Structures are given as C-alpha cells and as structure tokens.
Amino acid sequence: MNKVDLKYSLDHEYRLSKILQSMTLSLLNHKENDFQEISKEVSKVLLDFTIKSQEKYKSFDAERDKEKHLEIVREQLIKIKRYINAQTKWIEKNRDNKELKKKALRHSELKGRDIKGNAYAAFLKDIVSKDSVGFVWNTVGDDRVRPEHEDRDQEFFTWKDADLLPGEDIMCRCWVEVYLKKEIRK
Ligand SMILES: [Zn+2]
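Reading the values: the criteria
Residues numbered from 1 in each chain as written. Predicted model: local features only at pLDDT ≥ 70, side-chain atom pairs only at ≥ 80, totals over all residues. Heavy atoms only, no water. Helix = DSSP H or I, 4+ residues; strand = E, 2+ residues; numbered from the N terminus. Rg over C-alpha atoms; globule rule 2.2 N^0.38 Å. Buried < 20%, exposed > 50% of the residue type's maximum accessible area, 1.4 Å probe, protein only. Contact = heavy atoms within 4.5 Å. Areas by Shrake-Rupley, 256 points an atom, 1.4 Å probe, with all protein chains shown as cover. Expected span 1.5 Å × (residues − 1). Polar contact = N/O pair within 3.5 Å; in protein donor to acceptor, adjacent residues only side chain to side chain. Core = buried A, V, L, I, M, F, W, Y, C linked by side-chain atoms within 4.5 Å. Donors = N, O, S within 2.8 Å, 3.2 Å for Na, K, Ca; no water.

- The protein goes by Phage head morphogenesis protein, SPP1 gp7 family in an unreviewed UniProt entry, where it is assigned to Sebaldella termitidis.

Now the structure itself:
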C-alpha cells in the first residue's frame, strides 16, 4: 500500500502566531483590530497549509476541493474570534500586571500553534480520511511529547477506530503517515 507522510514544517504555525501577536499588540496599545483583515490573513495561511498538505498526495482541484478547505478555515475563524474576545477581556483585567506584554504575546504564540494543530486534525478528518484507509501515528520524538501520544507512536489506526487525531489535543505536534486508497495513489 502506498504510504505518504503528512509531516509539516513550522512555517504556518509561525505565521499564525505572528498574526495573533500583532492583534495582541494592538490590544495592548489600545488600538482597534479589524477582524475582517485578521480573517483574511488567517485564511490565506490556513488555505496554504491545507492545500499544500493535500498536494503531498493529490493535486488540488478548486471545483472539487475548495469548499472542504474553506469549511476548515471557517471553523478556525470562529475559534479565533472567541480568542480575540477572551484576550481583549484578559488584557483589560491585567493592565497592571508587569508581565502583561510578555504573557499576552506568549499566549498568542501558543494559540497560533494550537489553531494550526486543530486545522491539521480537521484536514485529516474531513479530507484525508476520504482518500485513505488509515494512518500511522507519529510523534516528533522529543521529551515534551505527552505519554498518551507516545503510546500511540508508530501504531496503525483506521479512520473509524481513531478516537483521537494528531493535532486535536492542545498544542499536539504529532503527525500522520497515511495509507492511500488504491484510486488515489499517484
Ligand atoms: Zn501529540
């Protein structure tokens, strides 16, 4: 069976973190954020991420695939909107905290990683699962991997049996190798 590794670089989460940090900086400086503008930037990064990931095993066809990719983006934008509201309140409450800026920026950095992970899990669930029979769980192999994910390392799951996907847990960095269906193999 044809196996494809869907490992990702840190580029997209880095870009998401930058967008969220810039949003946080505006809040810290009492400047208005334009959610439309943030949505546009986030969409660009997420679409680039899911489309490039799909292209590792199947070319992207706008007519066939676009709506599925947009659905993933929309889900993440709802989370980002909630995050901006929470971050706004948190900053207002903690204006006197000396560590405010450092903490707020760090939090946005982590949120960027979390959103990337959630988009990855949604991409697996909504797109990759239709094209493959299952996947092998992979961890990044360092000492920050959760023990529960370490237990899954190198294990094969069918999509039906997978009770959890890489990227679903907060800031999970795990990734998959998928076993493609016959008709998808290049
Ligand atoms: Zn993990």
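Having seen the structure, we can now continue with the description.
Comments concerning the overall build of the protein
Logical step 1: Along its length, the protein carries 5 helices and 4 strands.
Logical step 2: Written out in order from the N terminus, the α and β elements of the protein read β-α-α-α-α-β-α-β-β.
Logical step 3: Its C-alpha atoms give the protein a radius of gyration of 18 Å, within 12% of the compact-globule value 16 Å for 186 residues.
Logical step 4: For the protein, the C-alpha atoms occupy an extent of roughly 60 × 40 × 25 Å along the three principal directions.
Logical step 5: Out of the 186 residues in the protein, the part that is buried amounts to 47%.
Logical step 6: The contacts in the protein between residues at least 6 apart in sequence include a share of 77% that link residues at least 24 apart.
Logical step 7: About 10600 Å² of surface is accessible on the protein, with carbon and sulfur atoms providing 50% of the total.

Quick look at helix α2 (residues 35-54)
Side chains three or four residues apart in an α-helix point the same way, a direct result of the helix having 3.6 residues per turn.
Logical step 1: The terminal C-alpha atoms of α2 lie 28 Å apart, and with 20 residues this matches the ideal 28 Å at 1.5 Å per residue to within 8%.
Logical step 2: Of the residues making up α2, those classed as buried are Ile38, Ser39, Val42, Ser43, Val45, Leu46, Leu47, Phe49, Thr50, Ile51, Ser53 and Gln54.
Logical step 3: Those residues of α2 hidden inside the fold are in contact with α1 (11-28), α3 (62-93) and α4 (100-131).
Logical step 4: In this structure aspartate 34 caps α2, since a side-chain oxygen of it lies 3.0 Å from the backbone nitrogen of glutamine 36.

As for the nonpolar core
Most often, soluble globular proteins keep nonpolar side chains buried together rather than apart.
Logical step 1: In terms of nonpolar packing, the biggest core is built from 49 residues, with Leu6, Tyr120, Leu124, Phe135 and Val178 touching the most fellow members.
Logical step 2: Put simply, the parts of the chain that give this core at least two residues each are α1, α2, α3, α4, β2 (132-138) and β4 (175-180).
Logical step 3: Counting residues per element, this core draws most heavily on α4, at 11 residues.
Logical step 4: Those residues in contact with leucine 124 that lie beyond four places of it in its chain are Leu6, Ser129, Trp159, Leu165, Pro166 and Val176.

Description of the coordination of the zinc ion
Logical step 1: In this structure, His149 (ND1), Cys172 (SG) and Cys174 (SG) serve as the protein donors to the zinc ion, at separations of 2.1 to 2.3 Å.
Logical step 2: Within one chain, the residues donating to the zinc ion are spaced in sequence as H-x22-C-x1-C. A residue pair is termed long-range when its members are at least 10 positions apart, and histidine 149 in helix α5 (residues 147-150) and cysteine 172 in the loop between β3 (156-158) and β4 qualify at 23 residues. Comparing histidine 149 with cysteine 172 shows no difference in burial state: the two are buried.

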